[in-house]
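Structure at a glance
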Amino acid sequence: MLCPKPAFSLFAVPSARWAWILILSCLTLDRAAADDVTYRYFRFSPTSLRGGAGAGSVQLASFNILHQGASLITGATSASNPGGNNPPAEGVANLIDGNANTKWLDFNVLPFVLDFGAAVTADTYSFTTANDAIERDPTGWRVEGSLDNTNWALIDVRVNYATSTSRFTTEFFTFSTTFLPGINNFSSDNNIILNGNATTLRWQTSNANTVILNGFGMVPASGSQVVNPGSTTTYTITATNPDGFSHLDVTVTVVAGAVETYRYYRFTALEMRNPDNVTVQLAEFTLFNGGVQLNPTSASNPGGNNPVGEGPANLIDGNTATKWLDRNSAPVVFDLGAPTAMTGYTITTANDFSSRDPVTWLMEGSDNQATWELIDHVIDFPTTDSRFAESSFIPVAGSSLIPYIQSFTANTSLVDHGGTVNLSWVSWGGNSWVVNGVSNPLSGDLGTVTSDPLAAPMTFVLTVTTVDGISRTRSVNVDVSTPPTLRILQYSVDSDTGQINLTWASSAAHSYQVTSSTDLVSWSTIRAGIAGAAGGEETSTVASFPVGAGYRVFRVGEE
């Protein structure tokens, strides 16, 4: 049985304590999905890399051809990399030497060809990631077969594949004689535009019989279309062939725009292409007023951690060969020397590591560096993975500004039945703030409020709205403990003195009263305002009642 890599499943089994069970299973390939192909030559052509064009080279540790789980690679008589540029000891022969500690590296990112000397039948292939530099991993490729090294047939294609970031990891793929259509790329020249402006959508597909762009019907397999959306619009391109269909979306954000006038402008990267990355880098950051480039007198990075030679001044030096790198993702402040009108900006990617590219950020303005106003909040910007590449012009949002909620938290995730929580938030750009389950008024981008008493678990939702009516939300969950069952644990009655002593399980979140009745219809309070105890502990009290009335019934209840 072929077991290319283990599959791990982790199950949690609740009991009085947590017990964890680790189950290891062998993951077999789905033979029904694989086709047999018979060729002498196999060609692997990388079409995209994890690091984009900035990766500068492609690498793999090994490559294998298999049939029904058995490796055929020892039968390969040669491996070639026509036109490749390989460092010493990192040639294409390393792909078939059976040693994952050697690798093939090509600075020209060109195909390699395996020759088996005679036709072989195969159904599967694999490759192993190399020792370092994950940006060099292929994430898109074509595999072709040939009998004569001249006429080639497509036997597999991958686009935007999530190649493992782990090193020395082997991944397996099956050959096929049928393929879903591929959408190699679908993009907009401008992803954020001013209302009334146009942009151009561009696409390239493969193996498609028909291609449809929503709103425009059937379009060429590869082409472009000018669009002029009146509001933020998501465009979908769908490619179809007899084997099925593929689709891809592009969103064009439409903003009102504005002319902002401040002396200082502050850029804060909130998220990078790799969300786990806290290091940010850019080659240039350029501010504009209309079509006129502004020239800051300085750029600073308070709280930043910059390597030598990679400080914020590089963002405004006009040289894309230098860069700003900050391991703390701290804000960059641009000083224009005096209040200066600004309508938008561009960012330019640096030389390497596209995982450091910012994709979500804030822009703020100030005249004194003490009070800052949010002027732009960009979310999930499709920053190009090409290196040394300037983005399209990004207009500031104006009345289309999306508020930013940095945090929304509760001081506890569990309260007693009837208890309250303190809710705190930090936001930017808000004009009004609302939280469900809170009667107290809210105000300010920085605040704390107490909830109403909770009788059941609650999802609190903070809604921050700008002066122009644009809202954003964030939520936090709070659980409520089950109240103890109200039951009388002990009692004693002295009918001569008219006193009863009661003990019951109580809660600190409640107060209690003792009532009595002689007919189970009319009840009178004989003791009230009795505080409960925390944690379901016991509460005792003594209450007085009128004597000489025959039988009497007593009860304890929450006030």
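Let me sum up the structure you'll find in this document. (Residues numbered from 1 in each chain as written. Predicted model: local features only at pLDDT ≥ 70, side-chain atom pairs only at ≥ 80, totals over all residues. Heavy atoms only, no water.)

Topic: the overall build of the protein chain
The helix and strand tally for the protein chain stands at 0 helices and 45 strands. Computed over C-alpha atoms, the radius of gyration of the protein chain comes to 34 Å, more than 25% over the 24 Å expected from 2.2 N^0.38 for 559 residues, which places it beyond the range of a compact globule. Each principal axis of the C-alpha atoms in the protein chain carries an extent, and together these give about 115 × 70 × 50 Å. In the protein chain, which comprises 559 residues, the share counted as buried stands at 43%. Total accessible area on the protein chain is roughly 26,400 Å²; 50% of this is exposed by carbon and sulfur atoms. Seen as two clouds, the 25 positive and the 47 negative side-chain charges of the protein chain have centres 4 Å apart. (Helix = DSSP H or I, 4+ residues; strand = E, 2+ residues; numbered from the N terminus. Rg over C-alpha atoms; globule rule 2.2 N^0.38 Å. Buried < 20%, exposed > 50% of the residue type's maximum accessible area, 1.4 Å probe, protein only. Areas by Shrake-Rupley, 256 points an atom, 1.4 Å probe, with all protein chains shown as cover. Lys, Arg positive; Asp, Glu negative; His and termini not counted. Charge placed at Lys NZ, Arg CZ, Asp CG, Glu CD.)

Brief notes about the pairing of strand β12 (residues 153-158)
Two elements, strand β11 (residues 138-146) and β12, share 5 bridges in a ladder whose sense is antiparallel. The partner of G145 across the bridge, within β12, is A153. Connecting the antiparallel pair β11 and β12 is a turn made up of 6 residues, with N149 showing a positive phi of about 65°. (Pairing = 2+ DSSP bridges.)

Points about the pattern of salt bridges
Using the criterion set out here, one finds 14 salt bridges in the structure. D189 is paired through a salt bridge with R202; the nearest N and O atoms lie 2.9 Å apart. Within this pair, whereas D189 is found in the loop between β14 (182-188) and β15 (192-194), its partner R202 is found in strand β16 (residues 199-206), the two being separated by 13 residues in sequence. Its relative accessible area of 34% is what places D189 among the partly exposed residues. Linking D352 and R356 is a salt bridge whose minimum nitrogen-to-oxygen distance equals 4.0 Å. (Salt bridge = Lys/Arg side-chain N within 4 Å of Asp/Glu carboxyl O.)

A look at a nonpolar patch on the surface
On the surface, a cluster of nonpolar side chains totalling about 310 Å² of accessible area is made up of I488, Y491 and V493. Summarising the element assignment, Y491 is placed in strand β40 (residues 488-494). On the basis of relative accessibility, which here comes to 61%, the residue Y491 falls in the exposed class. (Patch = residues over 30% accessible without salt bridge, like charges linked within 9 Å, V, L, I, M, F, W, Y side chains within 5 Å.)

So, unusual backbone geometry
A positive phi is found at V109, a non-glycine position, where the angle reads about 55°. Looking at the secondary structure, you find V109 in the loop between β8 (104-106) and β9 (112-122). For V109, a relative accessible area of 27% gives the class partly exposed. You will see that N160, though not glycine, has its phi angle at about 55°, which is positive. Residue placement: N160 occurs in the loop between β12 and β13 (170-174).

Some words on the sheet that holds β14
Within a sheet, neighbouring strands are paired by backbone hydrogen bonds and run either parallel or antiparallel to one another. Spatial strand order, β14-β16-β19: 3 strands in an open sheet with antiparallel pairing. Two strands close off the open sheet at either side, each with one partner strand: β14 and β19 (222-227). Neighbour-to-neighbour, the strand axes of the sheet open up by a mean angle of 15°, direction not taken into account. Direction of pairing for β14 relative to β16: antiparallel, over a ladder of 6 bridges. Looking across to β16, one finds that S187 is bridged to R202. (Axes fitted to C-alpha atoms, helices over the stretch in contact; angles between N-to-C directions.)

Points about the sheet that holds strand β42 (residues 511-517)
Spatially, β43-β42-β45 is the arrangement adopted by the 3 strands of the open sheet, whose pairing is antiparallel. Bordering the open sheet on either side are β43 (524-531) and β45 (553-558), each of which pairs with just one other strand. Ignoring strand direction, the axes of neighbouring strands in this sheet form an average angle of 20°. As paired elements, β42 and β43 share 5 bridges and run antiparallel to each other. From the neighbouring strand, Y512 faces β43, where its bridge partner is I530.

Some thoughts on the packing of aromatic side chains
The tally for this structure, following the rule as stated, stands at 27 aromatic pairs. Measuring from ring centre to ring centre gives 5.2 Å for Y161 and F173, while their planes differ by 70°; the resulting arrangement is edge-to-face. Of the two residues, Y161 sits in the loop between β12 and β13 while F173 sits in strand β13, which places them 12 residues apart along the sequence. For the ring pair F545 and F554, a centre distance of 5.0 Å and an interplane angle of 65° mean the geometry is edge-to-face. The residues F545 and F554 share a single accessibility class, namely buried. One Lys or Arg, R43, reaches over the ring of W152 and ends 4.1 Å from the middle of that ring. Positioned over the ring face of W523 is R555, at 3.9 Å from the centre of the ring. (Phe/Tyr/Trp six-rings, centres within 6.5 Å; stacked < 30°, edge-to-face > 60°. Lys NZ or Arg CZ within 6 Å of the ring centre and 35° of its normal.)

Examining the nonpolar core
Core analysis: the biggest nonpolar cluster contains 33 residues, and F267, F285, L287, Y345, W361 and M363 have the highest contact counts within it. Looking at this core, the elements with two or more residues in it are β22 (260-272), β23 (280-282), β24 (284-289), β28 (332-342), β29 (344-348), β30 (358-366) and β31 (373-378). By residue number, the principal contributor to this core is β22, which donates 5 residues. Counting 28 residues, the second-largest nonpolar core is a separate cluster that includes A76, F112, L114 and I155. (Core = buried A, V, L, I, M, F, W, Y, C linked by side-chain atoms within 4.5 Å.)

Examining the layout of surface pockets
A volume near 320 Å³ is recorded for the second largest pocket. Residue lining of the second largest pocket: 18 residues in total, with V157, F179, L180, P181 and S246 positioned closest to the centre. Going through the elements one at a time, β12, β14 and β21 (244-255) are the ones with two or more residues in the lining of the second largest pocket. Looking at the lining of the second largest pocket residue by residue, the classes come out as 7 nonpolar, 8 polar and 3 charged. (1 Å grid on protein atoms, 1.4 Å probe; cavity = no way out; pocket = protein on both sides within 12 Å on 5 of 7 lines; lining within 4 Å. Points joined across faces, edges and corners; volume = space filled by probe spheres on them. Nonpolar A, V, L, I, M, F, W, Y, C, P; charged D, E, K, R; others polar.)

Description of the environment of A528
Relative to the helices and strands, A528 is located in strand β43. Overall, A528 belongs to the partly exposed group, its relative accessible area being 42%. Note: C-alpha distance between A528 and G398 (130 residues apart in sequence) is 59 Å. Excluding anything up to four places from it in sequence, A528 contacts Y512, Q513 and E559. (Contact = heavy atoms within 4.5 Å.)

Focus: the environment of G291
Of note, G291 is situated in the loop between β24 and β25 (292-293). For G291 and D97, which are 194 residues apart along the polypeptide, the C-alpha to C-alpha distance reads 57 Å.

Brief notes about the pairing of β24
Across the 6 residues of β24, 5 count as buried, placing the element largely inside the fold. The pairing of β24 with β29 spans 5 bridges and is antiparallel. Each residue of the ladder has a partner; that of F288, found in β29, is G344. With 2 bridges joining them, β24 and β25 adopt antiparallel strand pairing. Each bridged residue has a counterpart across the sheet, and for F288 the counterpart in β25 is Q293. Counting the residues that bridge the hairpin from β24 to β25 gives 2 residues, and of these G290 lies at a positive phi of roughly 65°.

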